[in-house]
Amino acid sequence: MFEFAKETLRELGSQSEPFNFTLLTADTHFEDGYLDESTPNIFDDQYSNVIHNSDQQILSFIEWIETQSFYEDTTIVVVGDHLTMDKDFMRDTPESYQRTIYNLFLNTGYPTGIETNRLFSAVDMLPTTLSAMGVELSNNRLGLGVDLFSEEDSMIESLGYDAFYTELMKRSTFYERNFMKGTDLKQILNNQAK
């Protein structure tokens, strides 16, 4: 997959137009992960080996991008979508350990090494990604999200997690009427009730 990605990026990078390239890795997405022939056997369990191999492949890919002529004007965003679904993998982790999703913004024009313990959700990724690319946002917000490079509070920071979750889970007839077109809404709602 990474070799195909490099080929596509070489082609896109040779053109004069700005481009977006999105790559999804899924080796670590399910229990025990996907073990391929290149996965080294370093650890005692398959999932640790898969995570290590995936991390190494992503690092090599990013290092390759950094050597390309288009890198100077390229922002790299690495985001996780959720915590591991492998129920056994974190079994021995103390309950007091706060698990988080890994997110990384490279080559943004912002000072390097910004590390803050902000409370945020997926809705904040769009404005933060656009900001990382140099897009100026009115009030540092877009949709429900906030630019995490700004000083503005995210919705979770201002409302608290429980209130944010409660508000997000409320039913919206506007959403149903305007965004659920072409779907059998009654069937969806019945499935959710089961």
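In what follows, the structure referred to is the one given above.
Quick caveat, the model's predicted, so the values are computed rather than measured.

Rules and cut-offs
Residues numbered from 1 in each chain as written. Predicted model: local features only at pLDDT ≥ 70, side-chain atom pairs only at ≥ 80, totals over all residues. Heavy atoms only, no water. Salt bridge = Lys/Arg side-chain N within 4 Å of Asp/Glu carboxyl O. Helix = DSSP H or I, 4+ residues; strand = E, 2+ residues; numbered from the N terminus. Buried < 20%, exposed > 50% of the residue type's maximum accessible area, 1.4 Å probe, protein only. Lys, Arg positive; Asp, Glu negative; His and termini not counted. Polar contact = N/O pair within 3.5 Å; in protein donor to acceptor, adjacent residues only side chain to side chain. Contact = heavy atoms within 4.5 Å. 1 Å grid on protein atoms, 1.4 Å probe; cavity = no way out; pocket = protein on both sides within 12 Å on 5 of 7 lines; lining within 4 Å. Points joined across faces, edges and corners; volume = space filled by probe spheres on them. Nonpolar A, V, L, I, M, F, W, Y, C, P; charged D, E, K, R; others polar.

### Let's talk about the pattern of salt bridges
Phase 1 of the analysis: Tallying each qualifying case throughout the model produces five salt bridges.
Phase 2 of the analysis: Ionic pairing is found between Glu3 and Lys6, a salt bridge with its closest N-O pair at 3.4 Å. You can see Glu3 and its partner Lys6 sitting in helix 1 (residues 2–13), three residues apart, about one turn around the helix.
Phase 3 of the analysis: The exposure class of Glu3 is exposed, given its relative accessible area of 53%.
Phase 4 of the analysis: On the basis of relative accessibility, which here comes to 15%, the residue Lys6 falls in the buried class.
Phase 5 of the analysis: Where Lys170 meets Glu167, a salt bridge forms, and the shortest distance between an N and an O atom there is 2.9 Å.
Phase 6 of the analysis: Residue class for Lys170 comes out partly exposed when judged on its relative accessible area of 49%.
Phase 7 of the analysis: Judged by its relative accessible area of 44%, Glu167 is partly exposed.

### A short note on the side chain of Asp147
Phase 1 of the analysis: In this fold, Asp147 is placed in the loop between strand 4 (145–146) and helix 4 (155–159).
Phase 2 of the analysis: Buried charge without a partner: Asp147 forms no salt bridge, and the closest opposite charge is Arg118, 6.8 Å away.
Phase 3 of the analysis: Of the polar contacts made by the side chain of Asp147, one reaches the backbone nitrogen of Phe149; its length is 2.8 Å.
Phase 4 of the analysis: With near-sequence residues (within four places) excluded, Asp147 lies in contact with Tyr110, Arg118, Pro127, Thr128, Ser131, Leu137 and Asn140.

### Examining the layout of surface pockets
Phase 1 of the analysis: Estimated volume of the second largest pocket: approximately 1600 Å³.
Phase 2 of the analysis: Ile101, Asn103, Thr116, Phe120 and Leu148 are the residues nearest the centre of the second largest pocket, which is lined by 43 residues in total.
Phase 3 of the analysis: Of all the secondary structure elements, the ones that give two or more residues to the lining of the second largest pocket are strand 2 (103–106), helix 3 (125–132) and helix 5 (161–168).
Phase 4 of the analysis: Among the residues forming the lining of the second largest pocket, the class breakdown is 24 nonpolar, 14 polar and five charged.

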